[in-house]
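Close look at the chain arrangement
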Amino acid sequence: MREEFVVWMSAQTPAERALANSYTTGDGQLTFDVSDLAVDYHPDRTVTLTYQLTVIRRDHPGERWIFTLPWADKSFADVFVSPSPDHDRLRQLVHVVHTLLEEWWDTKGRNRGSASMGRGLP
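Residues numbered from 1 in each chain as written. Predicted model: local features only at pLDDT ≥ 70, side-chain atom pairs only at ≥ 80, totals over all residues. Heavy atoms only, no water.

**Some details on the overall build of the protein**
Scanning the protein from N- to C-terminus turns up four helices and six strands. Against the compact-globule benchmark of 14 Å for 122 residues, the protein has a radius of gyration of 15 Å, which places it among compact chains. Across the 122 residues that make up the protein, the buried fraction comes to 39%. About 7500 Å² of surface is accessible on the protein, with carbon and sulfur atoms providing 52% of the total. Charge-centre separation for the protein: the mean point of 13 positive side chains lies 4 Å from the mean point of 17 negative side chains. (Helix = DSSP H or I, 4+ residues; strand = E, 2+ residues; numbered from the N terminus. Rg over C-alpha atoms; globule rule 2.2 N^0.38 Å. Buried < 20%, exposed > 50% of the residue type's maximum accessible area, 1.4 Å probe, protein only. Areas by Shrake-Rupley, 256 points an atom, 1.4 Å probe, with all protein chains shown as cover. Lys, Arg positive; Asp, Glu negative; His and termini not counted. Charge placed at Lys NZ, Arg CZ, Asp CG, Glu CD.)

**Quick word on the environment of Thr99**
Here Thr99 shows up in helix H3 (residues 87–107). Of the residues examined, Thr99 reaches a relative accessible area of 38% and is grouped as partly exposed. Spatially, the C-alpha atom of Thr99 lies 9.5 Å from that of Thr25, the residues being 74 residues apart in sequence.

**Digging into unusual backbone geometry**
Residues other than glycine seldom take positive phi values, yet Arg45 does so here, at roughly 75°. Tracing the sequence through the fold places Arg45 in the loop between strand E3 (30–41) and strand E4 (47–57). Positive phi values are uncommon outside glycine, yet Asp59 reaches one of about 60°. Mapped onto the fold, Asp59 is located in the loop between E4 and strand E5 (63–71).

**Quick look at the pattern of salt bridges**
This model, assessed by the stated rule, comprises three salt bridges. When the shortest N-O distance is used, the salt bridge between Arg57 and Glu63 registers 3.0 Å. The class of Arg57 is partly exposed, set by a relative accessible area of 29%. A salt bridge links Arg89 to Asp78, with the shortest nitrogen-to-oxygen separation between them at 2.7 Å. Here Arg89, found in helix H3, pairs with Asp78, found in helix H2 (residues 77–81); they are 11 residues apart in sequence, far enough to count as distant. (Salt bridge = Lys/Arg side-chain N within 4 Å of Asp/Glu carboxyl O.)

Take a look at the structure:
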């Protein structure tokens, strides 16, 4: 049996709050409107991020999705849990996660690995 530690507390870490923010891509073509983020902490210091979000494209209706991102990079473990993480490292973490989210969106239709990370919602 695999053990998981799920964070369901109202007092989120700065990293969790930053990662839960909605954002628009630099070109203004996509908005990732985050409605919920669950962060699962594992004993081996890896993390799983599970987003509920609506992806909004110009001139298209929004699409609701659940996106799951396994995060194995332990070099950011301290950033995830710190009550006051280094600002530059937090910004880097958010940038990398946003990049992975955008890559998933762009490749989910033709890459099985990407497709398995998301599930459309009604």
